[in-house]
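Report on the structure
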Amino acid sequence: MTALLSGENLERSLRQIGEERYHHRHPFHHLMRDGKLNRGQVQAWALNRYYYQARIPAKDAFLVARLPTPALRREWRRRILDHDGEDEGTGGIARWLKLTDGLGLDREYVTSLRGILPGTKFAVEAYVHFVDEKTLLEAIASSLTELFSPAIIGERVEGMLKGYPFVTSETLAYFAKRPPQAKKDSDFALDYVKRNARTPAEQRAVLAALEFKCGVLWSMLDALHFAYVAPGHIPPGAFVPKD
């Protein structure tokens, strides 16, 4: 890409990346959506995804520290509150722990992070470091996977409620609030990158940032598939399902 794209064409290119690279295409997601995992494999997914959920506020705190105006900081600070909550037991992380509780995982074990896959740790920390070290424009652009999350959440919730007798609507309560939050967050981030990516080089960086973030999410499912589906090689120290 050598010419400057219009805002409309930049958005079209970003959405095309999501269509091609977002983890709605991953085989592990398809297995989970279609009710083809066992209870232990679903537990492994929830346990490892907890690490991602728990690190999102840290990622956002790095980003807030770099924002130049109170208005921008207020906007992005809301994301931290969405995850951390205003009080103990509120927010997205607390709701995710209700999910792991509902799947029969010990909460202390989940929060200790002892059972997390090495691949999960590397992928999530790569994302946190990316946001801390890259330009502000790239950091904000990397959040644009939220453009695509409402659709995958809908698939996941419908499929899991249909396919797994050990999953209830209460267990999946985390996902009830997430789509409208993701829509609001992604609308803001998309508007920001369309207005602030003013050169072809900056637009290329925005597209590459979204590709990177899609790769983070894809890598997390790669690690789960390798450890818990095929070939089934669970690394030493990682969670071993009873199922």
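Each remark here, short or long, concerns the structure printed above.
This report concerns the structure included in the present document. None of the values given here were measured: they were computed from a predicted structure.

When its secondary structure is counted, the chain shows 11 helices and 0 strands. The secondary structure elements of the chain, listed N-terminal to C-terminal, are α-α-α-α-α-α-α-α-α-α-α. Relative to the 2.2 N^0.38 estimate, which gives 18 Å for 243 residues, the radius of gyration of the chain is 18 Å and therefore close to what a compact globule would have. Dimensions of the chain, computed from the C-alpha atoms along their principal axes, are close to 55 × 40 × 35 Å.

Turning next to the side chain of arginine 49. The residue arginine 49 is located in helix H3 (residues 39-64) in this model. The side chain of arginine 49 is buried and forms no salt bridge, while glutamate 146, the nearest opposite charge, is found at 8.5 Å. Not counting chain neighbours up to four residues away, the residues in contact with arginine 49 comprise His23, Trp96, Leu217 and Met220.

Taken as a whole and judged by the stated rule, the model has 11 aromatic pairs. For the ring pair tryptophan 76 and phenylalanine 188, a centre distance of 6.1 Å and an interplane angle of 65° mean the geometry is edge-to-face. Within this pair, whereas tryptophan 76 is found in helix H4 (residues 70-84), its partner phenylalanine 188 is found in helix H10 (residues 174-196), the two being separated by 112 residues in sequence. When the ring of phenylalanine 130 is compared with that of phenylalanine 212, the centres are 4.3 Å apart and the planes differ by 10°; the resulting orientation is stacked. Here phenylalanine 130 is found in helix H7 (residues 118-133), whereas its partner phenylalanine 212 is found in helix H11 (residues 200-228), with 82 residues between them in sequence. Using a relative accessible area of 10% as the deciding quantity, one classes phenylalanine 130 as buried. Relative accessible area serves as the criterion here: at 28%, phenylalanine 212 is assigned to the partly exposed category. Cluster of aromatic residues (ring-pair linked, three or more members): Trp45, Trp96, Tyr174 and Phe175.

Calculation criteria
Residues numbered from 1 in each chain as written. Predicted model: local features only at pLDDT ≥ 70, side-chain atom pairs only at ≥ 80, totals over all residues. Heavy atoms only, no water. Helix = DSSP H or I, 4+ residues; strand = E, 2+ residues; numbered from the N terminus. Rg over C-alpha atoms; globule rule 2.2 N^0.38 Å. Buried < 20%, exposed > 50% of the residue type's maximum accessible area, 1.4 Å probe, protein only. Lys, Arg positive; Asp, Glu negative; His and termini not counted. Salt bridge = Lys/Arg side-chain N within 4 Å of Asp/Glu carboxyl O. Contact = heavy atoms within 4.5 Å. Phe/Tyr/Trp six-rings, centres within 6.5 Å; stacked < 30°, edge-to-face > 60°.

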